[in-house]
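# Structural characterization, general
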Amino acid sequence: LVYSFIGGSKYLSVGPTSIVALMTLHALSWFEFPPERLLAYAGGLALITGFLYVLFAVFKLKFIDYIISHSVLKGFCIAAGLIIIFMQIGPLLGIKDLGSHNFIKGILVLYEKLELTHMPSLVIGVSSLGFLILLKVIRKGLIGGVLLVITGTILSKYMDFQSMGVEVLGHIPEKLPHFIVPRPF
């Protein structure tokens with residue numbers, strides 16, 4: 001939420017967060033965890049990662065960071081970006097279950113299911129992207145993401161997107177889930 005009010009800063013980036021989320025999903029998808037425990041295991045993975053960061057700092061292991069070349073890191077970030085974009089195309093077109101985490105196979109499945117495009121979802125998605133781009137062109141410091149969420153919420157309520165077949169978020173719990181320590185496998 002704070003980022004939305006100071007977003008667009010050249011000193012602050014949310015890109016790596018998306019990459020970390022993608023890597024977490026990939027790491028946890030290898031195991032058959034019950035869905036209700038997945039969040040706890042993601043939290044456990046975050047704690048382990050934080051502990052490793054502390055160890056790296058204590059033992060001054062920053063030199064390991066220099067072993068990985070800039071080109072490899074750039075390639076990794078670009079590939080992660082492409083995967084994130086691909087994961088958003090299905091919801092943008094209103095196509096459910098593309099059924100593949102494999103990028104190339106997923107593109108082929110998307111091509112086969114293209115005729116299943118849900119037009120109201122596509123119109124809302126493309127309009128939202130246009131809205132964000134327009135706000136960025138008109139005024140660079142404007143908090144476009146927050147305005148889009150507020151506008152989308154109001155439009156969804158009064159135009160009843162759900163009755164049009166557009167997938168909406170639905171009920172949002174009022175409280176955070178209880179803290180639990182992840183159990184070993």
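About the criteria used
- Residues numbered from 1 in each chain as written.
- Predicted model: local features only at pLDDT ≥ 70, side-chain atom pairs only at ≥ 80, totals over all residues.
- Heavy atoms only, no water.
- Helix = DSSP H or I, 4+ residues; strand = E, 2+ residues; numbered from the N terminus.
- Buried < 20%, exposed > 50% of the residue type's maximum accessible area, 1.4 Å probe, protein only.
- Contact = heavy atoms within 4.5 Å.
- Expected span 1.5 Å × (residues − 1).
- pLDDT = per-residue confidence, 0-100.

## A closer look at the overall build of the chain
A count of helical and extended segments in the chain gives 8 helices and 0 strands. Along the chain, from the amino end to the carboxyl end, the secondary structure elements read α-α-α-α-α-α-α-α. For the chain, buried positions account for 15% of its 185 residues. Considering only contacts in the chain between residues 6 or more positions apart, those separated by 24 or more positions represent 49%.

## Considering helix α3 (residues 35-58)
Over its 24 residues, α3 runs 36 Å from end to end, which matches the ideal 34 Å to within 8%, given 1.5 Å per residue. Every buried residue of α3 is listed here: R37, A40, Y41 and G44. Where α3 ends, the next residue or the one after it, K60, has phi of about 50°, a positive value.

## Some thoughts on the confidence of the model for the chain
Confidence in the prediction for the chain averages 79 pLDDT; 84% of positions are at 70 or higher. Here helix α1 (residues 2-6) stands out as the element of the chain with the lowest mean pLDDT, 48, in contrast to helix α7 (residues 119-138), whose mean of 90 is the highest.

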